[in-house]
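Chain residues, written in single-letter form:
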Amino acid sequence: MSQLIESLCARAKADKQRIVLPESLEERTITAADLALRDDLADIILIGNPDEIHAKAAELGLQHIGKATIIDPATSEKTEEYAQLLAQLRAKKGMTIEKARQQVLDPLYFGCLIIKSGDADGQISGALSTTGDTLRPALQIIKCAPGITCVSGAMLLITPATEYGDNGVLVMGDVAVTPMPDANQLAQIAVCTAQTAQAVAGMDPRVAMLSFSTKGSAKHEVCDKVIEATRLAKEMAPELKIDGEIQADAALVPKVGEKKCPGSPIAGHANVLIAPCLEVGNIGYKLVERLAHAEAIGPILQGIARPVNDLSRGCCVEDIYKMVAITACQAQAAKA
């Protein structure tokens, strides 16, 4: 386990958060829950039938599921309260109480309603569900953070190239959600990714708004978007250390940064990289992961008022365990 992950886990344990795992019968998920409970990483809430969950735990030889809070939407005394809340939140979209009573039985919706009611702090799903299924209840119920209209995904990259970022650690966004952000959305992605870098990686974020141009070396409307996004991000977060438009080598390599972007507080020292579109971000992190043997952790969803994270359906137990720690640290930051 890397030093950063050890630090994340220590922070999660120091201020335990209530994390919902709605896919409770999924083998990797319940195994990760057992490990998190064993290590006192978080207070785990499992959604489902208690008898089925305990039977699954026994089948897998798990020893610690008894420490979890298990809530069955079919029998919970809170189900009607949550249905009323859902009907109220979605009334303008035509949600009746009858529809809400059916919808609340979906574990992904039930988990988000627990969070909205203040009875939990974050949720993780995706081992069985699509990104859309994970995001839909989060956006309908928990909604975006104040001042944010755009959800995005950041990737934590731990690379063997320790001369870059913070001892080889960088955060990159957006890698998961918004295909072609406009300037305003890109500015939001920059601010949210900086907040993720701070909350999750404990970084003092230095944000590079990436492009194929550095400070006017090329002229194109896609460069103009990055320039405008940089201006808007500075307005949104005046204290943020950010610069752009800037090429990746100028953002990361001090000698190149000094040459291409003299006087920049970011050039050559960036630890947060903002891609101009999802295509670039997704391809970029996967190239770094495969060709440079970086450890890629995420995507970490950002922009939602309380953390709801999406797993890859190809995730392993260790991925889910790490995401419990990450979600806990995001929840701590959201409360702060």
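Rules and cut-offs
- Residues numbered from 1 in each chain as written.
- Predicted model: local features only at pLDDT ≥ 70, side-chain atom pairs only at ≥ 80, totals over all residues.
- Heavy atoms only, no water.
- Pairing = 2+ DSSP bridges.
- Helix = DSSP H or I, 4+ residues; strand = E, 2+ residues; numbered from the N terminus.
- Axes fitted to C-alpha atoms, helices over the stretch in contact; angles between N-to-C directions.
- Contact = heavy atoms within 4.5 Å.
- Buried < 20%, exposed > 50% of the residue type's maximum accessible area, 1.4 Å probe, protein only.
- Polar contact = N/O pair within 3.5 Å; in protein donor to acceptor, adjacent residues only side chain to side chain.
- 1 Å grid on protein atoms, 1.4 Å probe; cavity = no way out; pocket = protein on both sides within 12 Å on 5 of 7 lines; lining within 4 Å.
- Points joined across faces, edges and corners; volume = space filled by probe spheres on them.
- Nonpolar A, V, L, I, M, F, W, Y, C, P; charged D, E, K, R; others polar.
- Disulfide = S-S within 2.5 Å.
- Salt bridge = Lys/Arg side-chain N within 4 Å of Asp/Glu carboxyl O.
- Core = buried A, V, L, I, M, F, W, Y, C linked by side-chain atoms within 4.5 Å.
- Expected span 1.5 Å × (residues − 1).
- Phe/Tyr/Trp six-rings, centres within 6.5 Å; stacked < 30°, edge-to-face > 60°.

Draft legend 1. How the structure looks around the sheet that holds strand E11 (residues 308-310). Read across the open sheet, the 5 strands follow the order E3-E2-E1-E4-E11; overall the sheet is parallel. Two strands in the sheet have a free side with no partner beyond their single neighbour: strand E3 (69-71) and E11. Neighbour-to-neighbour, the strand axes of the sheet open up by a mean angle of 25 degrees, direction not taken into account. Bridge count between strand E1 (residues 18-21) and strand E4 (residues 122-125): 2 bridges; the pairing is parallel. Paired with Ile-19 across the two strands is Gly-122, which belongs to E4. Here helix H13 (residues 317-335) sits on the sheet and contacts E1, strand E2 (43-47), E4 and E11; the angle it forms with E4, its principal contact strand, is near 150 degrees.

Draft legend 2. Examining the side chain of Thr-79 more closely. Note on placement: Thr-79 falls in helix H4 (residues 79-89). You can call Thr-79 buried: its relative accessible area is 12%. Reaching out from Thr-79, the side chain makes a polar contact with the backbone oxygen of Pro-73 at a distance of 2.7 Å. In this view, Thr-79 contacts Asp-72, Pro-73, Val-104 and Phe-110; residues no more than four positions away in its chain are not counted.

Draft legend 3. How the structure looks around the side chain of Thr-327. Along the polypeptide, Thr-327 turns up in helix H13. The buried category is assigned to Thr-327, whose relative accessible area is 0%. With residues near it in sequence (within four places) discarded, Thr-327 still touches Ile-19, Gly-122, Gln-123, Ile-124, Pro-307 and Asn-309.

Draft legend 4. The sheet that holds strand E7 (residues 206-210), seen in detail. As summarised here, the arrangement of the 6 strands in space is E8-E7-E9-E6-E5-E10, forming an open sheet in which the pairing is mixed. Looking at strand neighbours, the two that pair on one side only are strand E8 (241-246) and strand E10 (295-302), the edges of this open sheet. The average undirected angle you get between the axes of adjacent strands in this sheet is 20 degrees. Of the strand pairs in this sheet, strand E5 (residues 152-158) and strand E6 (residues 169-173) are connected by 5 bridges, and their pairing is antiparallel. Residue pairing for E6: Leu-157 is matched across the bridge by Leu-170. Packed on one face of the sheet, helix H8 (residues 183-201) meets E5, E6, E7, E8, strand E9 (272-274) and E10 and runs near 155 degrees to E9.

Draft legend 5. Structural context of the layout of surface pockets. Its volume calculated, the largest pocket comes out at about 640 Å³. The wall of the largest pocket is formed by 28 residues, among which Val-191, Cys-192, Gln-195, Thr-196 and Ala-333 lie closest to the centre. At the level of elements, H8, E10 and H13 are the ones that each hand at least two residues to the lining of the largest pocket. With 7 residues, H8 is the single largest residue contributor to the lining of the largest pocket. Of the residues in the lining of the largest pocket, the class split is 18 nonpolar, 6 polar and 4 charged.

Draft legend 6. Summary view of the state of the cysteines. Here the structure, examined in full by the defined rule, presents 0 disulfides. The thiol sulfur of Cys-9 is not disulfide-bonded, and the nearest other cysteine sulfur, from Cys-329, lies at 8.1 Å. Judged by relative accessible area, Cys-9 falls into the buried class, the value being 4%. Cysteine Cys-316 remains unbridged, with the sulfur of Cys-315 as its closest cysteine sulfur at 6.9 Å. On the accessibility criterion, Cys-316 (34% relative accessible area) is partly exposed.

Draft legend 7. Quick look at the pattern of salt bridges. In total, this model carries 19 salt bridges according to the counting rule given. For Arg-18, the salt bridge goes to Asp-121, with nearest N and O atoms at 3.0 Å. Taken together, the positions of Arg-18 in strand E1 and Asp-121 in the loop between helix H6 (107-116) and E4 put the pair 103 residues apart, joining distant regions of the chain. You can call Arg-18 partly exposed: its relative accessible area is 29%. Since its relative accessible area comes to 4%, Asp-121 is described here as buried. Shared partners join several salt bridges into a network, and the residues in it are Lys-16, Asp-40 and Asp-43.

Draft legend 8. Local environment of the nonpolar core. Core analysis: the biggest nonpolar cluster contains 64 residues, and Ile-44, Leu-46, Ile-65, Leu-156, Val-207 and Met-209 have the highest contact counts within it. When residues in this core are grouped by element, the largest group, 10 residues, is from H8. Residue contacts for Met-209: discarding those within four places in its chain leaves Leu-186, Ala-190, Val-226, Ala-229, Thr-230, Ile-242, Asp-243, Gly-244, Glu-245, Ile-246 and Ile-274.

Draft legend 9. Summary view of H8. In a regular helix each residue adds 1.5 Å, so 19 residues correspond to 27 Å; H8 covers 26 Å between its end C-alpha atoms and thus fits that length. Of all 19 residues in H8, 15 are buried, a share of seventy percent or more. Its side-chain oxygen placed 3.2 Å from the backbone nitrogen of Asn-184, Asp-182 serves as the N-cap of H8. Within two residues after H8, Gly-202 carries a phi angle of roughly 65 degrees, on the positive side.

Draft legend 10. Summary view of the packing of aromatic side chains. A full pass over the atoms with the stated rule returns 1 aromatic pair. A centroid spacing of 5.2 Å and a plane angle of 75 degrees characterise the contact between Tyr-82 and Phe-110, whose relative ring orientation is edge-to-face. Of the two residues, Tyr-82 sits in helix H4 while Phe-110 sits in helix H6, which places them 28 residues apart along the sequence. Phe-110 gets classed as buried once you look at its relative accessible area, which sits at 0%.

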